[in-house]
Amino acid sequence: MSIEFIRPGLLSTVQDEGRTGFRRYGIHPGGVMDTFAARAANALVGNSRNAAVLEMTMTGPELRFHDNRLISLCGADLTATVDGLPVPLWRPVVLLAGSVLRFGRCRSGLRTYMAIAGGIAAPEIMGSRSTDLKTGFGGFEGRALKVGDRLSAGEASREAQAALHRLSVEAEKNSRRMHAPAWYLSSREWPAYHAEPVIRVMPGKDIAAFDEDSLERFHKERYVISPQSDRMGYRLEGAKLELGQSMDRLSEAVTYGTVQVPADGQPIILMADHQTIGGYPVIAQVARVDLPILAQARPGARVAFERITYEEAQQLFLEQELEWRLTDQLIRRRLAEMGDH
């Protein structure tokens, strides 16, 4: 019972929501870059929100399924197909034993998440199954997946097992290796994914140290995401930012979404695999609700920054969480109804 990698793709890793409580040891939380897409993918197959998923970047792998599986794909559109037929995104899908899931060109976004009912069965290290590529532990042997690797899944929920059975029967009845229900998670429920996003940011702790012209440029001009960007950080190219006063500071704690400005004046946004401390001046902090949007922005994309207050960021987060709870309840009700028929 496994999923075999025939082709690995550009960067395919096992991730969950990350490991917390170890920053004092220099271990960052890591985890999925787009928390919304990963959470949605897990909900669509009846998993808990922290179940391990497969994160695929830009170019997806080629996978052979050795048994019937209930999966979902959320996030970027990597033109997934089975037997030449497109695999729909943002909904539960059954793939029968022998199916080969292939990915083509990236139509939109940057990262796709594949959830499997039961979650990917990887060892739990420090409370997480996420792959830490920098230190080489967690996930699948602490590395990206490669040809010949095999993934297995844990025990699926009762609702997922019932949905798997029903969709498998429908697939066999139609002489296909794949089947999906008509319902799906509408784009109205997604974050505002966009090719050139406007990212909401709060003032950073060192904002008073920057000159007025730099602050105006940062919030009015667009920056290009450099090709030298990765899971650790997005390097930006654009208007140079300068300090209005000299600074002499010690390294301090940083987090996902911290916007630092090194000596060359080109901002760096710290991403999921960020370091735990940093010494560069901090001009802004990305609002948590917009981190998924940023995670789907490709190298070469232009991003703009809209200033909001900490209170506004908190309110946006609370509203997003409330909306998600309602959406999650609806998804799980749909799965349960599938098993009742």
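Residues numbered from 1 in each chain as written. Predicted model: local features only at pLDDT ≥ 70, side-chain atom pairs only at ≥ 80, totals over all residues. Heavy atoms only, no water.

A.B. asks: Describe the overall build of the protein chain, listing the residues and the values that go with them.
C.D. replies: For the protein chain, the count of helices and strands is five helices and 21 strands. Against the globule reference of 20 Å for 341 residues, the protein chain gives a C-alpha radius of gyration of 21 Å, in line with a compact fold. Overall size of the protein chain, expressed as C-alpha extent along the three principal axes, is 70 × 35 × 35 Å. Relative to its full complement of 341 residues, the protein chain shows a buried share of 53%. Partitioning the contacts of the protein chain with sequence separation of at least 6, the portion at a separation of at least 24 is 78%. Element-wise, carbon and sulfur atoms account for 50% of the exposed surface of the protein chain, whose accessible area totals about 15500 Å². Computed over 41 positive and 42 negative side-chain charges, the separation of the two mean positions in the protein chain equals 5 Å. (Helix = DSSP H or I, 4+ residues; strand = E, 2+ residues; numbered from the N terminus. Rg over C-alpha atoms; globule rule 2.2 N^0.38 Å. Buried < 20%, exposed > 50% of the residue type's maximum accessible area, 1.4 Å probe, protein only. Contact = heavy atoms within 4.5 Å. Areas by Shrake-Rupley, 256 points an atom, 1.4 Å probe, with all protein chains shown as cover. Lys, Arg positive; Asp, Glu negative; His and termini not counted. Charge placed at Lys NZ, Arg CZ, Asp CG, Glu CD.)

A.B. asks: Would you mind going over the environment of Trp324 in detail, with residue names and values included?
C.D. replies: Mapped onto the secondary structure, Trp324 falls in helix H5 (residues 310–340). Residue class for Trp324 comes out buried when judged on its relative accessible area of 9%. With 314 residues separating them in the primary sequence, Trp324 and Leu10 have C-alpha atoms 31 Å apart. Those residues in contact with Trp324 that lie beyond four places of it in its chain are Phe36, Arg39, Ala40, Ala43, Leu185 and Ile331.

A.B. asks: Would you mind going over the sheet that holds strand E14 (residues 223–225) in detail, with residue names and values included?
C.D. replies: If you walk around this closed barrel you meet the seven strands as E13-E20-E17-E18-E15-E14-E21, and the pairing is mixed. Neighbour-to-neighbour, the strand axes of the sheet open up by a mean angle of 40°, direction not taken into account. Bridging between E14 and strand E21 (residues 302–307) involves two bridges; their strand directions are antiparallel. Paired with Val224 across the bridge in E21 is Arg302. (Pairing = 2+ DSSP bridges. Axes fitted to C-alpha atoms, helices over the stretch in contact; angles between N-to-C directions.)

A.B. asks: So what's going on with the packing of aromatic side chains? Residues and values would help.
C.D. replies: Using the criterion set out here, one finds eight aromatic pairs in the structure. Between Trp90 and Trp190, the ring centres sit 4.4 Å apart and the planes meet at 20°, which makes this aromatic pair stacked. Residue Trp90 is found in the loop between strand E7 (85–86) and strand E8 (92–95), and its partner Trp190 is found in the loop between strand E12 (178–179) and strand E13 (198–203); the two are separated by 100 residues along the sequence. Classification of Trp190 by relative accessible area gives partly exposed; the value is 28%. Their ring planes at 10° and their centres at 4.7 Å tell us that Phe218 and Phe305 sit as a pair that is stacked. Separated by 87 residues along the polypeptide, Phe218 in helix H3 (residues 212–220) and Phe305 in strand E21 bring together distant segments of the chain. The structure contains a cluster of three or more aromatic residues connected by ring pairs, namely Phe36, Trp90, Trp190, Tyr193 and Trp324. (Phe/Tyr/Trp six-rings, centres within 6.5 Å; stacked < 30°, edge-to-face > 60°.)

A.B. asks: Can you break down the sheet that holds E7 residue by residue, with the values?
C.D. replies: Strand order in this open sheet of six strands is E7-E6-E9-E4-E1-E11, and the pairing throughout is antiparallel. Across the chains shown, the open sheet's two edge strands, defined by having one partner strand only, are E7 and strand E11 (150–151). Sheet analysis places strand E6 (residues 81–82) next to E7, joined by two bridges and oriented antiparallel. Bridge assignment links Thr81 to a residue of E7, and that residue is Pro86.

A.B. asks: Go over the side chain of Glu4 with me, naming the residues and quoting the values.
C.D. replies: Its location among the elements puts Glu4 in strand E1 (residues 3–7). According to the relative accessible area criterion, Glu4 is buried, its value standing at 17%. Apart from the residues lying within four places of it in its own chain, the contact partners of Glu4 are Glu62, Leu63, Arg64, His66, Asp149 and Arg150.

A.B. asks: Help me get a handle on helix H1 (residues 35–44), residues and values and all.
C.D. replies: Among the 10 residues in H1, nine count as buried, and that is most of the element. Regarding H1, the residues found buried are Phe36, Ala37, Ala38, Arg39, Ala40, Ala41, Asn42, Ala43 and Leu44. Backbone nitrogen of Phe36 and a side-chain oxygen of the N-cap are separated by 3.1 Å at the start of H1; the cap is Asp34. Trailing H1 by a residue or two, Gly46 shows a phi angle of about 80°, which is positive. (Polar contact = N/O pair within 3.5 Å; in protein donor to acceptor, adjacent residues only side chain to side chain.)

A.B. asks: A description of unusual backbone geometry should follow, citing residues and the corresponding values.
C.D. replies: With phi around 60°, Trp90 is a residue other than glycine that occupies positive phi space. Of the residues examined, Trp90 reaches a relative accessible area of 3% and is grouped as buried. Phi at Met126 is positive, roughly 55°, even though this residue is not glycine. Turning to its location among the elements, Met126 is positioned in the loop between strand E10 (108–116) and E11. Take Met126: its relative accessible area is 37%, and that puts it in the partly exposed class.

A.B. asks: I'd like a description of the environment of Ala336, backed by residues and values.
C.D. replies: One can find Ala336 in helix H5. We classify Ala336 as partly exposed; its relative accessible area is 28%. In sequence terms Ala336 and Glu159 are 177 residues apart; their C-alpha atoms lie 5.2 Å from each other.

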